Amino acid sequence: MDDIRNIVVLTGAGISAESGVATFRGPGGLWEGHRVEDVCTPEALARDPETVHQFYDARRAALAGVEPNAAHRALARLDAAWPGELLIVTQNVDDLHERAGAKRLIHMHGELRSALCAMCGAHSRWPGALPPGSACTDCGEAMLRPDIVFFGEIPREMERIEQALARCDLFVSVGTSGAVYPAAGFVQMAAAYEAATLELNLDRSEGSHRFDESRLGPAGVLVPRWVDSLLS
């Protein structure tokens, strides 16, 4: 542990599932009863904005009923105490990392409690319902959409993430499937720069074989234990 200075942590659906956040992809490849093509593509938004907006309105409203769990709180504690570089990259669009207190954080797939202007690109905090035709407070155009990275769109802050991976001494993946790119390739990128790699996951993922070590169990148990070992 003494040679670890810079850390990148990737979190996925598994960490928030322990708080009761429904994962997008369910049985049969459906996302809460919807086909991916119907709720998470630019084409779906153009074709049926009412359905797309209602889908994300429901997910946004559901956040009021969940709280950060021990894994979120442990990462926030690491964020506050770690003296080196730390970047938490989450694939999740909920705000549980923030509510736990994490600050060195990137939402690579967007945020539920935010609206994106399709005209000027401005991001606005948006905790409530977002009806189609809502106006942007920056440019005034009625072009607000869910601030979510749809399939076919480029994830957020990839340059910053790649720079952090190139500098890190340790890459840790928490609660991810290892199946969704580009995040699934982060372990290989970190390893190429000779970083140690650790997976903390409920079950073996599609990418488990790429890690130096995989620890299996609930994130709420594994993450606090790992953070305690780092900070001790």
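Position numbers for residues start from 1 in each chain and track the written sequence from start to end. The predicted origin of the model limits local features to residues at a pLDDT of at least 70 and limits the giving and counting of side-chain atom pairs to 80 or more, whereas totals for whole chains, interfaces and linings rest on all residues. Side-chain metrics rest on all non-hydrogen atoms present in the structure, leaving aside hydrogens and water.

### Re the environment of L45
- By the criteria applied, helices consist of DSSP H or I runs no shorter than four residues and strands consist of E runs no shorter than two, each listed in order from the N terminus. When you line up the elements, L45 lands in helix α3 (residues 42–47).
- Once the C-alpha coordinates of L45 and P132 are considered, the two residues, 87 residues apart in sequence, prove to be 9.7 Å apart.
- Filtering out sequence-adjacent residues up to four positions away, L45 remains in contact with V52, H53, R145 and F150. Contact criterion: two residues are considered in contact whenever any of their non-hydrogen atoms come within 4.5 Å of each other.

### So, the nonpolar core
- Each nonpolar core is a collection of buried residues, namely Ala, Val, Leu, Ile, Met, Phe, Trp, Tyr and Cys, held together in the definition by side-chain atoms within 4.5 Å. Partly exposed residues are those whose accessible area sits between 20% and 50% of the maximum for their type, while under 20% is buried and over 50% is exposed, using a 1.4 Å probe and protein chains only. Of all hydrophobic cores here, the largest spans 25 residues; its most connected members are I7, V9, V172, V174, L200, V223 and W226.
- Counting only elements with at least two residues in this core, the list comes to β1 (7–11), α5 (70–81), β2 (86–90), β7 (170–174), β8 (196–201) and α9 (219–231).
- In this structure V174 touches V9, L10, T11, G12, I15, L200, A219 and V223, once residues within four positions along its chain are discounted.
- With 18 residues, the next largest nonpolar core counts I106, I161, C168 and A195 among its residues.

### Quick notes on the packing of aromatic side chains
- Between the rings of Phe, Tyr and Trp (Trp by its six-membered ring), a pair exists once the centres lie within 6.5 Å; its type follows the angle of the planes, with under 30 degrees stacked, over 60 edge-to-face, and the other angles tilted. For the structure shown, the criterion picks out three aromatic pairs.
- Ring plane angle 35° and centroid distance 6.2 Å describe the contact between Y56 and F150, whose orientation is recorded as tilted. Within this pair, whereas Y56 is found in helix α4 (residues 49–62), its partner F150 is found in the loop between β6 (144–148) and α7 (158–167), the two being separated by 94 residues in sequence. In this structure, Y56 and F150 share a single accessibility class: buried.
- Considering the side-chain rings of F171 and F211, the 6.2 Å spacing of their centres and the 15° angle between planes classify their relative orientation as stacked. Pair noted here: F171 is in strand β7 and F211 is in the loop between β8 and β9 (213–216), with a separation of 40 residues, a long-range link.
- Using a relative accessible area of 12% as the deciding quantity, one classes F211 as buried.
- An aromatic cluster of three or more residues is present, and its members are F55, Y56 and F150.
- In this structure, R145 packs its charged tip against the face of F150, placed 4.2 Å from the ring centre. A positively charged side chain is recorded as over a ring if its NZ (Lys) or CZ (Arg) lies within 6 Å of the ring centre. The angle to the ring normal must also be within 35 degrees.

### Quick notes on α4
- A helix is expected to span 1.5 Å multiplied by its residue count minus one. Helix length check: α4, at 14 residues, gives a terminal C-alpha distance of 20 Å against a target of 20 Å (1.5 Å per residue), a fit within 8%.
- Along α4, the residues classified as buried are V52, H53, F55, Y56, D57, R59 and R60.
- Elements in contact with the buried residues of α4: α2 (36–39), α3, β4 (110–117) and β6.

### Quick word on the UniProt feature "active site" (unreviewed entry) in the chain
- When the UniProt feature table is mapped to this numbering, "active site" (unreviewed entry) covers H109.
- Assignment of secondary structure puts H109 in the loop between β3 (105–107) and β4.
- Judged by relative accessible area, H109 falls into the buried class, the value being 16%.
- H109 has contacts with T90, Q91, V93, D147, I148, V149, P155 and V180, leaving out every residue within four places of it along the chain.
- Polar contacts here mean pairs of N or O atoms no more than 3.5 Å apart (in protein, one a potential hydrogen donor and the other a potential acceptor; neighbouring residues in sequence count only if both atoms are side-chain atoms). Reaching out from H109, the side chain makes a polar contact with the backbone oxygen of Q91 at a distance of 3.3 Å. UniProt positions are given in the numbering used here, feature names are shortened, and annotations may be inferred rather than shown by experiment.

### With respect to the sheet that holds β1
- When DSSP finds two or more bridges between a pair of strands, those strands are recorded as paired. The six strands are arranged β3-β2-β1-β7-β8-β9 in an open sheet whose pairing can be described as parallel. Across the chains shown, the open sheet's two edge strands, defined by having one partner strand only, are β3 and β9. If you compare each strand with its neighbour and ignore which way they point, the axes differ by 15° on average.
- Seen against the sheet, α7 touches β1, β2, β3 and β7 and runs at an angle of roughly 130° to β2. What counts as an axis is a line fitted to C-alpha atoms, over the stretch in contact for a helix, and the angles between N-to-C directions run from 0 to 180 degrees.

### Section: the layout of surface pockets
- Throughout, the protein atoms alone are placed on a 1 Å grid, and a set of points is a cavity if a 1.4 Å probe fits but cannot get out or a pocket if it is open with protein on both sides within 12 Å along at least five of seven lines; lining residues have an atom within 4 Å of a point. Grid points are joined across faces, edges and corners, and a volume is the space filled by probe spheres set on the points. When its volume is computed, the second largest pocket comes out at roughly 230 Å³.
- Surrounding the second largest pocket, 16 residues form its lining, G14, G175, N201, L202 and D203 being those nearest its centre.
- Considering only residue class, the lining of the second largest pocket consists of five nonpolar, seven polar and four charged. Each residue receives one of three labels: charged for Asp, Glu, Lys and Arg, nonpolar for Ala, Val, Leu, Ile, Met, Phe, Trp, Tyr, Cys and Pro, and polar for the others, Gly being one of them.

### Considering the environment of I7
- With respect to the helices and strands, I7 occurs in strand β1.
- Discounting residues that sit within four places of it in the chain, I7 has contacts with W82, E85, L86, L87, C168, L170, W226 and L230.

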